Structure formats: structure tokens, C-alpha cells
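The lines below spell out each chain.
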Amino acid sequence: MNPVTTVSGRAYPWGAKNIDTDVIIPAHWLKTITRTGLGRGAFETVRADPGNIFDDPRYAGSPILIAGDNFGCGSSREHAAWALADMGIAAVIAPSFSDIFSGNAFKNGIVPVVLPQEAIDRLLEVAQDQTVTVDLETMTVTTPFQDRFTFELDAFRRQCLMEGLDEVGLTLARDTQISKFEEAVASNRPWTTVESGYASIGVEGSRRT
């Protein structure tokens, strides 16, 4: 996962409410187990309408999506976060998110920014022709017009985003502590170790593969 400190650029001024994960990525795209290529299917049903915002050349490659209340509701599919990341979105700004989607976004390097509806309305207006910046250092969303909106983010999640640490990265970062723990367990509880292809179950003379 790439570190995220700031996300700046054009933003999709969408603002739609109650967008579930099936709208973000339809179910027939879920056959894949890889994270690449899903951007082609992102918002497929929305893109079926001529003149939709996601195919508007003014917003091509935008790293920010401005959405409405309850974004990412419905199915818990992590493919929704994969699809957003694959289409280049690194931050989603909305009044609220589904808890599961918010967690999936965090695990995939996407910043879920919660702001009140008044701030969303202003950003939807500005994003029509200006850039938006999300800054994790200052925990603010700003615009060229000196708009400045503060947001909150769990301190642990903020640190992981800024350091580029997903669950695998967090585990690897603690490799030394894990190794020391395993050595201590092997020393203090030798019956839990694997010997000659057999795993002890803690009863003398009773072993099984």
C-alpha cells in the first residue's frame, strides 16, 4: 500500500446518497480475486447513462470522489474499494459511510473523509471547475478559495495510511517481536513445537500428524 499524506486534484462532484457497493462494482465483476482491472467496471450502471460524471473528460483521472450520505452501504464486498482504487480514487468525501466500506477503504489506501452536508455542498460547487486537497498532516480539506474544513480520523488508521501499512505491512513491521515471541514459546512450551513431522498435543506419548 502506498503512503498517503495528501490527495490533491480534481474531484468528481457527484453527491449521490445511499450508494451501495453493487453500484460501485456490480456483482458480475466479483469473479476475479485480483485487485487490478476492476476500475473498468466501477459505476458501470451509472456509466450506462450518456453524459454521466464518470466519463466526463473534465474529471478524467480525478483522485477524489465527493459523495452523499451513507456511501458504500449494502454488501460488504471489498471489491468496491478495489474498484475505486483501480480507477485512481484515493479519497472519498461524504457525510457518512458504511462501517464495513470505511474499513475496506482504509485497508486499501483510500481515505474516507467525513464532513457535514454544508461542507459537502460547498465542495460540490467548487469541484465543478477547481481542485480540492485532502491533507492528512493537518486533517483538513481545502480549496483554492481558502475554504478549510477539518475532519477526524482514527489515529491508528491515519498512521497506517501515512506510512503505507496494510495488514501485511503491519505484520512485517513487527517481525522482530513476533520472532522473539515464537522463540519464547518454543522454549517455555516445547510440547507445542513440531518434531520429526509430528505435532504434539500436550499428552506424553500421544501424537498425531
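In case you missed it, the structure is sitting above this.
Enquirer: Sorry, what's going on with the overall build of the protein here?
Expert: Helix and strand content of the protein: eight helices and eleven strands. For the protein, with 209 residues in total, the buried portion stands at 43%. A separation of at least 24 residues holds for 65% of the contacts in the protein among residues at least 6 apart in sequence. For the protein, the accessible surface area stands at approximately 11300 Å², while carbon and sulfur atoms represent 50% of it.

Enquirer: Would you explain the sheet that holds strand β3 (residues 64–66) in this entry?
Expert: Pairing between the strands of a sheet comes from backbone hydrogen bonds, and it takes one of two forms, parallel or antiparallel. The four strands are arranged β2-β3-β4-β5 in an open sheet whose pairing can be described as parallel. Pairing within the sheet leaves two strands with one partner each, and these edge strands are β2 (11–13) and β5 (111–114). On average, adjacent strands in this sheet sit at an angle of 15° to one another, irrespective of strand direction.

Enquirer: Would you mind showing me how to read the pattern of salt bridges here?
Expert: Opposite charge on two side chains permits them to pair, given that their charged atoms come into close proximity. Within this structure, the stated rule accounts for five salt bridges. Among the ionic pairs, D22 bridges to R77, the shortest N-O distance being 3.0 Å. Within this pair, whereas D22 is found in helix α1 (residues 21–24), its partner R77 is found in the loop between β3 and α3 (79–86), the two being separated by 55 residues in sequence. The exposure class assigned to R77 is buried, which follows from its relative accessible area of 15%. A salt bridge links D56 to R58; the shortest N-O distance between them is 2.8 Å. For D56, a relative accessible area of 16% gives the class buried. According to the relative accessible area criterion, R58 is partly exposed, its value standing at 48%. Here the salt bridges share partners, and the residues they tie into one network are R122, E125 and D147.

Calculation notes
- Residues numbered from 1 in each chain as written.
- Predicted model: local features only at pLDDT ≥ 70, side-chain atom pairs only at ≥ 80, totals over all residues.
- Heavy atoms only, no water.
- Helix = DSSP H or I, 4+ residues; strand = E, 2+ residues; numbered from the N terminus.
- Buried < 20%, exposed > 50% of the residue type's maximum accessible area, 1.4 Å probe, protein only.
- Contact = heavy atoms within 4.5 Å.
- Areas by Shrake-Rupley, 256 points an atom, 1.4 Å probe, with all protein chains shown as cover.
- Pairing = 2+ DSSP bridges.
- Axes fitted to C-alpha atoms, helices over the stretch in contact; angles between N-to-C directions.
- Salt bridge = Lys/Arg side-chain N within 4 Å of Asp/Glu carboxyl O.

Just geometry here; none of it tells us what the structure is for.
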